[in-house]
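One letter stands for each residue in the lines below.
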Amino acid sequence: MDHQGQFRRAALELGIPDDEISRFTKHLRLSIRLSGGSGGVPVGQFGGLPRLPVGMDWPFAGVSPLPFIFSVDCAALPRVDGFGLPADGSLLFFLDHEQAAATGERRYGRVVYVPAGTDTEVATGSTDDAFVGEQYDVGATLRAEFPDWFGADDEDDEDEEDDEDEDDLSPFQQQLARDLERDLPHLDELCALADDLWPPHNGYVSAYIGGYADEEVIESIAEQTLAWREKTGEIVIPVAKWYSHVEKETHRLTSEWVSLARFPVDNELYYRSDGSFVIRHDNLAAGRLDEALSVAELIP
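Given the structure is predicted, the values throughout are model-derived calculations rather than measurements.

**As for empty space enclosed by the protein**
Right, on to step 1. Evaluation of the coordinates by the stated rule reveals 1 cavity of 30 Å³ or more.
Right, on to step 2. In this structure, the largest cavity encloses a volume near 30 Å³.
Right, on to step 3. Along its surface, the largest cavity is lined by Ile-32, Leu-77, Pro-78, Arg-79, Val-80, Phe-83 and Leu-85.
Right, on to step 4. Its residues assigned to classes, the lining of the largest cavity comprises 6 nonpolar, no polar and 1 charged.

**Some details on the side chain of Asn-283**
Right, on to step 1. Counting through the fold element by element, Asn-283 comes out in helix α9 (residues 281-285).
Right, on to step 2. Residue classification places Asn-283 among the buried residues on the basis of a relative accessible area of 11%.

**Description of the packing of aromatic side chains**
Right, on to step 1. Evaluation of the coordinates by the stated rule reveals 14 aromatic pairs.
Right, on to step 2. With centroids separated by 5.5 Å and ring planes inclined at 15°, the aromatic side chains of Phe-46 and Tyr-136 adopt a geometry described as stacked. Of this pair, Phe-46 sits in strand β2 (residues 44-46) while Tyr-136 sits in strand β10 (residues 136-145), placing them 90 residues apart in sequence.
Right, on to step 3. Aromatic side chains Phe-146 and Phe-150 sit 4.8 Å apart centroid to centroid with 15° between the ring planes, which places their arrangement in the stacked category. Each member of the pair, Phe-146 as well as Phe-150, carries the same accessibility label: buried.

**Overview of the pattern of salt bridges**
Right, on to step 1. What the rule picks out here adds up to 12 salt bridges.
Right, on to step 2. Glu-145 is paired through a salt bridge with Arg-143; the nearest N and O atoms lie 2.6 Å apart. Of the two residues, Glu-145 and Arg-143, both sit in the buried class.
Right, on to step 3. Among the salt bridges present, the one from Glu-249 reaches Arg-252, with a minimum N-O distance of 2.7 Å. In this pair, Glu-249 and Arg-252 are both assigned in helix α8 (residues 242-254), 3 residues apart and thus about one turn of the helix distant.
Right, on to step 4. The exposure class assigned to Arg-252 is partly exposed, which follows from its relative accessible area of 38%.

**Some points on the nonpolar core**
General note: in soluble globular proteins, nonpolar side chains tend to be found buried as a group.
Right, on to step 1. Ranked by internal contacts, the top residues of the largest apolar core, which has 66 residues, are Phe-7, Phe-24, Leu-34, Phe-70 and Leu-260.
Right, on to step 2. Counting 12 residues, the second largest nonpolar core, distinct from the first, contains Ile-235, Val-246, Leu-253 and Val-278.

**What about the packing of helix α5 (residues 171-183) against α8?**
Right, on to step 1. It is the contact of α5 with α8, at a shortest axis distance of 10 Å, that shows an interaxial angle of 45°. Judged by the inter-axis angle, α5 sits oblique to α8. In contact with Phe-172, Gln-173 and Leu-176 of α5, α8 contributes Glu-247, Lys-248 and His-251.
Right, on to step 2. Residue composition of the contact of α5 with α8, by class: 2 nonpolar, 2 polar and 2 charged.

Rules of the game
- Residues numbered from 1 in each chain as written.
- Predicted model: local features only at pLDDT ≥ 70, side-chain atom pairs only at ≥ 80, totals over all residues.
- Heavy atoms only, no water.
- 1 Å grid on protein atoms, 1.4 Å probe; cavity = no way out; pocket = protein on both sides within 12 Å on 5 of 7 lines; lining within 4 Å.
- Points joined across faces, edges and corners; volume = space filled by probe spheres on them.
- Nonpolar A, V, L, I, M, F, W, Y, C, P; charged D, E, K, R; others polar.
- Helix = DSSP H or I, 4+ residues; strand = E, 2+ residues; numbered from the N terminus.
- Buried < 20%, exposed > 50% of the residue type's maximum accessible area, 1.4 Å probe, protein only.
- Phe/Tyr/Trp six-rings, centres within 6.5 Å; stacked < 30°, edge-to-face > 60°.
- Salt bridge = Lys/Arg side-chain N within 4 Å of Asp/Glu carboxyl O.
- Core = buried A, V, L, I, M, F, W, Y, C linked by side-chain atoms within 4.5 Å.
- Axes fitted to C-alpha atoms, helices over the stretch in contact; angles between N-to-C directions.
- Parallel < 35°, antiparallel > 145°, perpendicular 65-115°, else oblique.
- Contact = heavy atoms within 4.5 Å.

Right, here's the structure in full:
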């Protein structure tokens, strides 16, 4: 479905100028929300035992099997403009979130792509409860997403809340927000329209496919990128200007990277346990799913 066209037609009916709509949609991304009990045709499976290609071993990191998180049927997922998921086949996500969070090493996460038509079988490489969670099916809906600095609050539009959000922004981000408000006189109407078409969800969400990658993840990539360019002598950054360079590089990289998957992980020892996979748009479009980076966060 042409979601960009759907949004444009609806915005034009509200009398919003076409050029303003174009500027707004550069920041609008849709993510695929996966949740259980949503009805409709199942698009994926959380927990249980995955279906792997016949003869393929359960993914390991060293001597330890990687916990299976979930799988999705790409052909059953809604298509999203500019998000280059495979048109068919299955994606399977494995992540040892505790080891990934403790070491920061990508080997503790794995994305397995199973092309359509591949002979598969229910995997038997690990039946330990630590690696196989409770199984349930999930359905899919769409959600509108914006950058963190955008000022579009999906949950609460109260002025006081907006002021607090603005205080959390850096001077660089505040300038981005001010420029946006200057260039988009109908910003509030456009945000409201996006939420009407692809509304927020208040219930439990198993995962999001696509959308914006977590800003802290992109910031870490930006720091590594700048550090490498300094090491090779390509650039020299004064210490006092390091953070401003990181912010600008993070802003630039946000357009190059996308969230492949974001999901909470059950863990009784932590207040919150999150896992995610991020990937560059060009690697995703080219089917280079082994280039996805796994990230995990544990909050006591």
